[in-house]
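# Per-entry structural report
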Amino acid sequence: MLLTSDSPLEMCALDAEHVAAVLEDCVDQLAVLGSIISIPDNPANTETNSIDEIAKLLNGQKHLEGRYEELVMTDKNSSELSSLKQNMKSSAQAIMKSVKLNPLATENLIKLQQDREYLQDLIAECLEEVSQEGSFEGLIRATVEEREKKNKLQETILREEDARKNVRALQRQLLELKKSKEIEMQSRNEMIAHLKDQLQETRAKTTMERKYIEKECQVQKVMKNKQCQMTEAELQAELENLQIQLEEENKVNKETEMWVKKHHDQLQEKVEYWMDKYEREVDQKSEELSGLKGSKANILLKLQELTLKYQEYEEVVMEDRAQKEKAKKAAEKAELEIRCATKIQAWWKGVMVRRGLGPYAKKKGKKGKGKKGKKGKKGKK
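Remember, predicted model here, so these are calculated numbers, not experimental data.

### Details of the overall build of the protein chain
If you tally the helices and strands in the protein chain, you get 6 helices and 0 strands. Order of helices (α) and strands (β) in the protein chain, N terminus to C terminus: α-α-α-α-α-α. Taking all 381 residues of the protein chain together, 11% fall into the buried category. Considering only contacts within the protein chain whose residues lie at least 6 apart along the sequence, 62% involve residues at least 24 apart.

### Some thoughts on helix α5 (residues 137-355)
With 219 residues, α5 should reach 327 Å at 1.5 Å per residue; the first-to-last C-alpha distance of 153 Å falls well below that figure. In the segment just after α5, G356 is the residue with positive phi, at about 70°.

### Considering the pattern of salt bridges
Within the structure shown, the criterion is met by 7 salt bridges. With a closest N to O distance of 3.8 Å, K181 and E184 form a salt bridge. With a gap of 3 residues between them, K181 and E184 both fall in helix α5, about one helical turn apart. In this structure, the salt-bridge partner of E184 is R188, at a minimum N-O distance of 2.6 Å. Of this pair, E184 and R188 both sit in helix α5, 4 residues apart, which is roughly one turn of the helix. You can call E184 partly exposed: its relative accessible area is 30%. Salt bridges sharing partners connect three or more residues here, namely K181, E184 and R188.

### Re the packing of aromatic side chains
Overall, the coordinates contain 2 aromatic pairs when judged by the stated rule. Taking 5.5 Å as the distance between ring centres and 70° as the angle between the ring planes, the aromatic pair formed by Y273 and W274 counts as edge-to-face. Judged by its relative accessible area of 47%, Y273 falls in the partly exposed class. Taking the centre distance of 6.3 Å and the plane angle of 45° together, the rings of W347 and W348 count as tilted. On the basis of relative accessibility, which here comes to 53%, the residue W347 falls in the exposed class. Relative accessible area serves as the criterion here: at 44%, W348 is assigned to the partly exposed category.

### Remarks on the nonpolar core
Formed by A16, A20, L23, V27, L30, I123, C126, L127 and V130, the largest nonpolar core amounts to 9 residues. For this core, the secondary-structure elements that each account for two or more residues are α1 (13-36) and α4 (106-132). With 5 residues, the single largest contributor to this core is α1. Sequence-distant contacts of L23, that is, excluding residues within four places in its chain, are made with I123, C126, L127 and V130.

### Concerning a negative patch on the surface
On the surface, a cluster of negative charge is contributed by D265, E269, E272, D276, E279, D283 and E287. Looking at where E272 falls in the secondary structure, it is placed in helix α5.

### Details of the confidence of the model for the protein chain
Here the protein chain shows a mean pLDDT of 78. Residues at 70 or above account for 74%. Long-range and interchain partners of residues 1-8, a stretch whose pLDDT sits below 50, account for 13 contacts in this model, where long-range means more than four residues apart. Note that pLDDT drops below 50 for residues 366-381; the model gives that stretch 0 contacts with residues more than four away or on any other chain.

Here is what the cut-offs are and how they apply
Residues numbered from 1 in each chain as written. Predicted model: local features only at pLDDT ≥ 70, side-chain atom pairs only at ≥ 80, totals over all residues. Heavy atoms only, no water. Helix = DSSP H or I, 4+ residues; strand = E, 2+ residues; numbered from the N terminus. Buried < 20%, exposed > 50% of the residue type's maximum accessible area, 1.4 Å probe, protein only. Contact = heavy atoms within 4.5 Å. Expected span 1.5 Å × (residues − 1). Salt bridge = Lys/Arg side-chain N within 4 Å of Asp/Glu carboxyl O. Phe/Tyr/Trp six-rings, centres within 6.5 Å; stacked < 30°, edge-to-face > 60°. Core = buried A, V, L, I, M, F, W, Y, C linked by side-chain atoms within 4.5 Å. Patch = residues over 30% accessible without salt bridge, like charges linked within 9 Å, V, L, I, M, F, W, Y side chains within 5 Å. Areas by Shrake-Rupley, 256 points an atom, 1.4 Å probe, with all protein chains shown as cover. Lys, Arg positive; Asp, Glu negative; His and termini not counted. Charge placed at Lys NZ, Arg CZ, Asp CG, Glu CD. pLDDT = per-residue confidence, 0-100.

Printed below as a string of structure tokens:
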């Protein structure tokens, strides 16, 4: 088959005619096959026996699976487990064989007819596309779509298998839970029976205790009545004593009240006396205070005069101190001047002696020697 350079799916005219001839032959053969296959009007009569046989095999298979799960849960002997495995395997083979022996069942015929019609239509479309355009893209698209459908169907089958496995696991968990609940129910029933026995014992014990308590309460009631009567007699005697004491207290209170009134009158007289005395003494002290105020004024005048005199004397003393300080400083200055003058005179005298000035000058016969000596000294200098 030669493909053109424009598209990898386009063919040359000769190859297109060859492919079209082959596809047309396929369409004719599929049409002949469709006319040969016929679906019965009442398929129930023809399929009843096969369906019953398959249903019996499936029921037996389910029974064997349930028995196998029980043995796995209870951990029975391995010989029975191996025999069950063999039976399950043989049952599955029988189911597969019965399905294979009835390949032309109604559902299979319908499915076959639908697939034939779909394939016939697809090849007819491809024949038309090859005849007109020289390509088969529609066939490729249909193939891809069918492959995707098949993959989706396969995924659905896998999910269904996972769901069956989950259902089996849940059934096992349900059996375990059922057994645990039965055990728990049995233990609770035993606990209820034990509690009922304890309840009967408790009732008998409480009945005896109630009777004992009733008798004890009656005895305590009698004792309390006697105690109350004795207490009542004691309280009555105490009440009489309190009444006597109350009468005595009333008498004492009256006497005390009379004494307080008498004492109050005496205190009232004393208060009046002391008030009069207070007024007299206040007047006397007022007069003394006025006299003291006058003497205070005189004293203040004398104090002012003395203050003025003190200030004058203080000024005189300060002036005298200043004059003495000046005289002292003048004497010190004169003494200092005398010392300085004496030092200056001694220095000057020393200078005159060393240089031979004034009265300390040397004689004339020795003048040349003196000059030479001076020259020699100057040269040395």
